[in-house]
Amino acid sequence: MLTPTPLRSFVGGLGLPLPMHALVVLNGSVFGISGFLHRTVRGDLEAFAGVAGLVVGGLITGLLDGPPTARYNPGTLQLLLSGFLVGLGSKMANGCTSGHMLAGIGRLSRRSFAAVASFFTTGMITAHIFHSHNPLFTSSPFDLEWTNGLGRSSAILLSLQIISMLISYFQYAASLWSTSSREKQQLLQRSRMISIFNTSVQFALSLSLSNLTDNRKVISFLQLPSLTFDPSLAFLALGALPLAIVLHAVFSPSDDVPVLGGPWRIPKSGLIDAKLLCGAAIFGVGWALSGICHGPGLVNLGRSLASGTDILPWSAWIAATVIGGLFA
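What you see is a predicted model, and the numbers here were worked out from it, not measured in a lab.

Further remarks concern the environment of Leu312. When you line up the elements, Leu312 lands in helix H14 (residues 311-326). Taking C-alpha positions, Leu312 is 30 Å from Ala103, a pair spaced 209 residues apart along the chain.

Written out as structure tokens, the structure is:
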């Protein structure tokens, strides 16, 4: 039986919008992890820095906590099918849980609300079909011990996130101190790469703290409205979404110009079309089959590299998402 971790998941959720908003301000980019992965395949160096940061964040978690004490292994075929559908669906919908559920809802995007509704619907249906009779995903949602999961490693993860936040602040301040145009241009080119890597490490640490990397908790949550679901991810959303909305409403640049230069790449289209809804629905099926999406997949790969266990399954799942994206 799963043990809910309400406070740990809430605190982890609070940490997720901070690196996402820092990337908007500094680089003018959406923190969309599926986009990082798909663009990395096309040779985008900034996207590669984002992928690397997520893996490094997972590696740090692995060095602190070791390999996961338990996880759900869906079997090779189901794992690969999950990765393929997650990659295909996220490419069609132009986003996943980070790009639509966190960044998109934070901007109050109509497209993202529609995408989230679509992938949660198919995710819940799929979870009930494939996992409803598995005792591995049962929990006691109304028997909450608020401090479950908190300990020394949680404090270290929080401390490391503060260091990442200070790095982002220093980058912001340094861009204002540079006086020579040539000096500033050289600084900005380096800083954009550092920014996306640093914010990705910070996001990975928050993701680990929130427990979204535990695929059992994801599948259990998707079994709503069952009374044996794990509510931890609801506490994550309670921490993440209000803060994301406030950060966008109050602290977004008014001139749509990134502090570190480059193009402003925050989408403004509100178009809700069949490709968006179908892609999100496909993503939801793949997500629920294994309980994994892009961010947790990359973080868990890093954690596996640190412990030397389960490297092949996580690598295979990520490879399947890349292949799925190529078919979109």
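This is not the end of the story, as more comes after the structure.
The full count for this structure, using the stated rule, is 10 aromatic pairs. Ring centres 5.2 Å apart and planes at 65° place the aromatic pair Phe31 and Phe36 in the edge-to-face group. The exposure classification of Phe31 matches that of Phe36, with both residues buried. Clustering of aromatic rings is evident, with ring pairs tying together Phe119, Phe120, Phe221, Phe229, Phe283 and Trp287.

Once that is clear, we can look at the confidence of the model for the protein. Considering every residue of the protein, the mean pLDDT works out to 92; 96% of them sit at 70 or more. No element of the protein has a lower mean pLDDT than helix H9 (residues 181-210), at 87, and none a higher one than helix H12 (residues 274-290), at 98.

Take the environment of Asn148 next. With respect to the secondary-structure elements, Asn148 resides in the loop between helix H7 (110-131) and helix H8 (152-177). On a C-alpha basis, the gap between Asn148 and Phe130 in space is 28 Å, while along the polypeptide they are 18 residues apart. Setting aside its immediate chain neighbours within four residues, Asn148 contacts Thr3, Pro4, Thr5 and Arg8.

Time to look at the packing of helix H2 (residues 17-27) against H8. Their axes nearest at 11 Å, the elements H2 and H8 cross at an angle of 15°. Put simply, H2 runs roughly parallel to H8. For the crossing formed where H2 meets H8, the hand is left-handed. Two secondary-structure elements touch here, H2 through Leu18, Ala22, Val25 and Leu26 and H8 through Met165, Ser168, Gln171 and Tyr172. Residues of the contact of H2 with H8, tallied by class, amount to six nonpolar, two polar and no charged.

Attention now goes to the pattern of salt bridges. Where charged atoms of side chains with opposite charge meet at close range, the side chains can pair. Applying the stated criterion to the full structure yields six salt bridges. Among the ionic pairs, Glu46 bridges to Arg192, the shortest N-O distance being 2.7 Å. You can see Glu46 sitting in helix H4 (residues 45-65) and its partner Arg192 sitting in helix H9, a full 146 residues away along the chain. Both residues of the pair, Glu46 and Arg192, count as buried. When salt bridges with common partners are traced through the structure, they connect Glu46, Arg192 and Arg265 into a single cluster.

Take empty space enclosed by the protein next. All told, the structure shown has one cavity of 30 Å³ or more when counted by the stated rule. By volume, the largest cavity amounts to about 70 Å³. With four residues, helix H6 (residues 97-106) is the single largest residue contributor to the lining of the largest cavity. Tallied by class, the residues present in the lining of the largest cavity amount to nine nonpolar, four polar and no charged.

Here is what the cut-offs are and how they apply
Chains are numbered independently. Their residues run from 1 in the order of the written sequence. pLDDT decides what is reported in this predicted model: residues at 70 or higher carry local features, side-chain atom pairs at 80 or more are listed and counted, and totals for whole chains, interfaces and linings draw on all residues regardless. With hydrogens and water excluded, all non-hydrogen atoms of the structure serve as input to the side-chain values. Numbering of helices and strands runs from the N terminus, with a helix taken as a DSSP run of H or I at least four residues long and a strand as a DSSP run of E at least two residues long. In summary, the pairing rule links any two rings of Phe, Tyr or Trp, Trp by its six-membered ring, whose centres are within 6.5 Å, and it sorts them by plane angle into stacked for under 30 degrees, edge-to-face for over 60 and tilted for everything else. Each residue is placed in one exposure class: buried if its accessible area under a 1.4 Å probe, protein chains only, is under 20% of its type's maximum, exposed if it is over 50%, and partly exposed if it falls in between. Residue-level confidence of the predictor is what pLDDT reports, using numbers from 0 through 100. Any pair of residues with heavy atoms lying within 4.5 Å of one another is described as a contacting pair. Note on method: axes are straight lines fitted to C-alpha atoms, helices fitted across the in-contact stretch only, with angles between N-to-C directions ranging 0 to 180 degrees. Between 65 and 115 degrees an angle is taken as roughly perpendicular, under 35 as roughly parallel, over 145 as roughly antiparallel, and anywhere else as oblique. Handedness of a helix crossing follows the sense of rotation of the near helix relative to the far helix, less than a right angle counterclockwise being left-handed and clockwise being right-handed. When residue character is reported, Ala, Val, Leu, Ile, Met, Phe, Trp, Tyr, Cys and Pro are called nonpolar, Asp, Glu, Lys and Arg charged, and the others, Gly included, polar. Here, a salt bridge means any Lys or Arg side-chain nitrogen found within 4 Å of an Asp or Glu carboxyl oxygen. Grid points spaced at 1 Å and placed over the protein atoms alone form the basis of the search, with a cavity being a set where a 1.4 Å probe fits but cannot get out and a pocket an open set showing protein on both sides within 12 Å along at least five of seven lines. Lining residues have an atom within 4 Å of a point. Grid points are joined across faces, edges and corners, and a volume is the space filled by probe spheres set on the points.

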